[in-house]
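Observations on chain architecture
In case you want the letters, here they are:
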Amino acid sequence: MKNKEKLGLVLLVVLLLIAIPVVLIGIYGGAAYKAPIKSSDIANIFHLSGPPNLPNSWPVSSIEKYDDGFMAPSVTIYYKNNVSLTLSRSEPIYPKMQKEQISIGDNSVSLYTNKEEQVYVVKHGGLFYAFKFQTPNKNEVEDFIKTLR
């Protein structure tokens, strides 16, 4: 086998190794990295000594962990009041939303907005809390953020 043929075969294999995961991610939209979890698993995912401060009075619909193996994992809690809370070690960014800094209680909060929803991002206990909600839930979310100290 000539060197050009070997090089061509190696390039083909490399391209396939790159293309297959890219296609799978495109098809499944990252769903392969999502898994349902229990609230008791959250502390272990973030290596916390105890559970994070969560809105205990809000009924939970579901909780899922996202871990692609490259970035730090995140956990999203979906509440029945149409609020989702994503916990992560790194600050989430919402590029298609406008950002401004506000204060809620004693907390500095990044407010991201667009026409449909709002996101409050606040750091507490080494985690970033990103609350995604629609306008009717604003007071409920702000009341909880005020408890984070």
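Quantities reported herein were computed from a predicted structural model and do not represent experimental measurements.

1. Digging into the nonpolar core
One finds I42, I77, Y120 and F131 to be the most contacted residues of the largest nonpolar core, which totals 26 residues. At the level of elements, helix 2 (42-45), strand 3 (74-79), strand 4 (84-88), strand 6 (107-113), strand 7 (118-124), strand 8 (127-133) and helix 3 (138-147) are the ones that each hand at least two residues to this core. The leading source of residues in this core is strand 8, at four residues. In terms of nonpolar packing, the next biggest core, distinct from the first, is built from seven residues, Y112, V119, V121 and F128 among them.

2. Brief notes about the pattern of salt bridges
Inspection of every chain in the model, using the stated rule, returns two salt bridges. E64 is the partner of K34 in a salt bridge, and the nearest nitrogen-oxygen pair spans 3.9 Å. Of this pair, K34 sits in strand 1 (residues 34-36) while E64 sits in strand 2 (residues 60-66), and the two are 30 residues apart along the sequence. Note that E117 is salt-bridged to K132, the shortest N-O span being 3.9 Å. Taken together, the residues span a long stretch of sequence, with E117 in the loop between strand 6 and strand 7 and K132 in strand 8 at a distance of 15 residues. Note on E117: relative accessible area 24%, which makes it partly exposed. Classification of K132 by relative accessible area gives partly exposed; the value is 29%.

The rules behind the values
Residues numbered from 1 in each chain as written. Predicted model: local features only at pLDDT ≥ 70, side-chain atom pairs only at ≥ 80, totals over all residues. Heavy atoms only, no water. Core = buried A, V, L, I, M, F, W, Y, C linked by side-chain atoms within 4.5 Å. Buried < 20%, exposed > 50% of the residue type's maximum accessible area, 1.4 Å probe, protein only. Helix = DSSP H or I, 4+ residues; strand = E, 2+ residues; numbered from the N terminus. Salt bridge = Lys/Arg side-chain N within 4 Å of Asp/Glu carboxyl O.

Read these as spatial facts, not as claims about activity.
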